[in-house]
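Letter by letter, the chains look like this.
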Amino acid sequence: MKLLIIGASGTLGRALVDHLADHHELIKVGKTQGDHQVDITQSDSVKNLFEKIGKVDGILSVTGNLHFAPLAQMTAEDFSLGLNDKLLGQVNLALIGQHYLNDGGSITLTSGIVSDQPIIGGTNASTVNAAIEGFIRSAAIELKNSQRINAVNPSVVTESLDVYGPFFKGYESVSAKRVAMAFQRSIEGGLNGQVFKVW
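Attention in this report is confined to the structure presented alongside it. Note that the structure is a prediction, hence the values are computed from the model and not measured.

1. Describing the pattern of salt bridges
And then number 1: Considering all chains together, one arrives at 1 salt bridge under this definition.
And then number 2: Close ionic contact of Lys 197 with Asp 116 constitutes a salt bridge, the shortest N to O distance being 3.7 Å. One end of the pair, Lys 197, is in strand E7 (residues 195–198); the other, Asp 116, is in the loop between strand E5 (101–110) and helix H4 (123–140), and 81 residues separate them in sequence.
And then number 3: With a relative accessible area of 43%, Lys 197 lands in the partly exposed category.
And then number 4: With relative accessibility at 38%, the residue Asp 116 sits in the partly exposed group.

Shown next as structure tokens:
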């Protein structure tokens with residue numbers, strides 16, 4: 001399969017590349033690195049990316065910024081970071097990407113455990129991740145030509161504990177490889193509108 005990985009240079013992106021490279025043709029994309037660059041918050045940037053690479057069999061998104069802060073210190077501007085980046089950025093990829101997806105192809109977005117299990121300082125993340133899951137469930141019933149869309153919902157990733165560990169006290173981390181395997185299930189399986197939890 002010809003697979004587009006958005007966020008390929010990040011922790012999860014590198015694990016995806018390692019896990020899938022032997023069996024698929026991978027196009028690695030990032031904001032500043034990779035085979036191509038894209039700003040997922042800008043529709044024109046996303047359209048230009050797809051115009052360059054053409055049709056694909058799978059779109060895998062492991063990207064998107066969030067704002068972590070106590071609710072009492074949160075401003076509307078802070079909150080808009082996650083909405084405009086991780087949520088609308090991934091929605092952008094799906095809305096535009098569906099028109100460049102081969103028949104039977106799939107889109108897989110990333111949410112996260114805080115959609116179900118909120119953390120202190122994670123209101124922005126909980127809102128965004130829950131919205132992503134709502135989007136894929138609804139989009140799944142409208143995609144044409146046997147196309148599919150799913151989300152992978154990981155716990156905090158072991159390889160990222162140095163950054164996110166303080167927010168996830170008492171949570172069991174999961175390896176990036178386990179998360180990559182959930183993406184593999186999404187793209188190589190037949191399920192649609194599903195949230196693959198990796199906890």
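2. Considering helix H3 (residues 76–97)
And then number 1: For H3, built from 22 residues, the straight-helix expectation of 32 Å at 1.5 Å per residue is met to within 8% by its first-to-last C-alpha distance of 29 Å.
And then number 2: Residues of H3 that are buried: Gly 82, Asp 85, Lys 86, Leu 87, Gly 89, Gln 90, Val 91, Asn 92, Leu 93, Ala 94, Ile 96 and Gly 97.
And then number 3: Looking at the packing, one finds that the buried side of H3 touches strand E1 (2–6), helix H2 (43–53), strand E4 (56–61), E5, H4 and strand E6 (148–154).

3. Thoughts on H4
And then number 1: Compared with an ideal rise of 1.5 Å per residue, which puts 18 residues at 26 Å, H4 spans 26 Å between its outermost C-alpha atoms and is within 8% of the ideal.
And then number 2: As for H4, its buried residues are in contact with H3, E5, E6 and E7.

4. Re the side chain of Ser 160
And then number 1: For Ser 160, the location among the structural elements is in the loop between E6 and helix H5 (161–164).
And then number 2: We classify Ser 160 as buried; its relative accessible area is 13%.
And then number 3: Aside from chain neighbours lying at most four places away, what touches Ser 160 is Thr 11 and Gly 165.

5. With respect to the packing of H2 against H3
When two helices pack together, their arrangement is given by the angle between the helix axes and by the axis-to-axis distance.
And then number 1: Contact geometry for H2 and H3: axes closest at 10 Å, N-to-C directions at 45°. Looking at the two axes, H2 sits oblique to H3. Note on packing geometry: the crossing formed by H2 with H3 is right-handed. Taking contact as the criterion, the partners of Ser 43, Val 46, Lys 47 and Phe 50 in H2 are, on H3, Asn 92, Leu 93, Ile 96 and Gly 97.
And then number 2: Residue composition of the contact of H2 with H3, grouped by class: 4 nonpolar, 3 polar and 1 charged.

6. Some details on the pairing of strand E2 (residues 25–30)
And then number 1: Bridge analysis of E1 against E2 gives 5 bridges, and the strand direction is parallel. What sits directly across from Leu 3, in E2, is Leu 26.
And then number 2: Handedness of the E1-helix H1 (residues 11–20)-E2 crossover: right-handed.
And then number 3: Pairing of E2 with strand E3 (residues 36–37) involves 2 bridges; the strand directions are parallel. Bridging from a neighbouring strand, Gly 30 pairs with Gln 37 of E3.

7. Examining the pairing of E6
And then number 1: Here E6 lies mainly inside the structure; 7 of its 7 residues are buried.
And then number 2: The alternating pattern of E6 places Arg 148, Asn 150, Val 152 and Pro 154 on one face and Ile 149, Ala 151 and Asn 153 on the opposite face, and all of these are buried.
And then number 3: The pairing of E5 with E6 spans 5 bridges and is parallel. Residue Ser 106 lies in a different strand from E6, and its bridge partner there is Arg 148.

Each value, and the rule that gives it
- All chains use their own residue numbering, which begins from 1 and follows the written sequence.
- Given that the model is predicted, a residue must reach a pLDDT of at least 70 before its local features are reported, and side-chain atom pairs must reach 80 or more before they are shown or counted; all residues, however, enter totals for whole chains, interfaces and linings.
- In computing side-chain properties, one takes all heavy atoms of the structure into account and sets aside hydrogens as well as water.
- Within this document, salt bridges are pairs made up of a side-chain nitrogen of Lys or Arg and a carboxyl oxygen of Asp or Glu, the two lying within 4 Å of each other.
- The secondary structure listing takes helices from DSSP runs of H or I that are at least 4 residues long and strands from runs of E that are at least 2 residues long, numbered from the N terminus.
- Between buried and exposed lies partly exposed: a residue is buried under 20% and exposed over 50% of the maximum accessible area for its type, with that area taken using a 1.4 Å probe on protein chains only.
- To estimate how far a helix should reach, multiply one less than its number of residues by 1.5 Å.
- Two residues qualify as a contact provided that any one of their heavy atoms is within 4.5 Å of a heavy atom in the partner residue.
- Lines are fitted to the C-alpha atoms to define the axes, a helix being fitted only along its stretch in contact, and any angle between axes, read from their N-to-C directions, falls within 0 to 180 degrees.
- Roughly parallel here means an angle under 35 degrees, roughly antiparallel means over 145, roughly perpendicular means 65 to 115, and every remaining angle is called oblique.
- Crossing handedness follows the turn of the near helix against the far one: under a right angle anticlockwise gives a left-handed crossing, and clockwise gives a right-handed one.
- In this classification, the charged set is Asp, Glu, Lys and Arg, the nonpolar set is Ala, Val, Leu, Ile, Met, Phe, Trp, Tyr, Cys and Pro, and all remaining amino acids, among them Gly, are polar.
- Each pair of strands is called paired provided DSSP finds at least two bridges between the two strands.
- Whether a crossover is right-handed depends on one test, that the path from the first strand over the helix to the second runs clockwise when the strands point away from the viewer.

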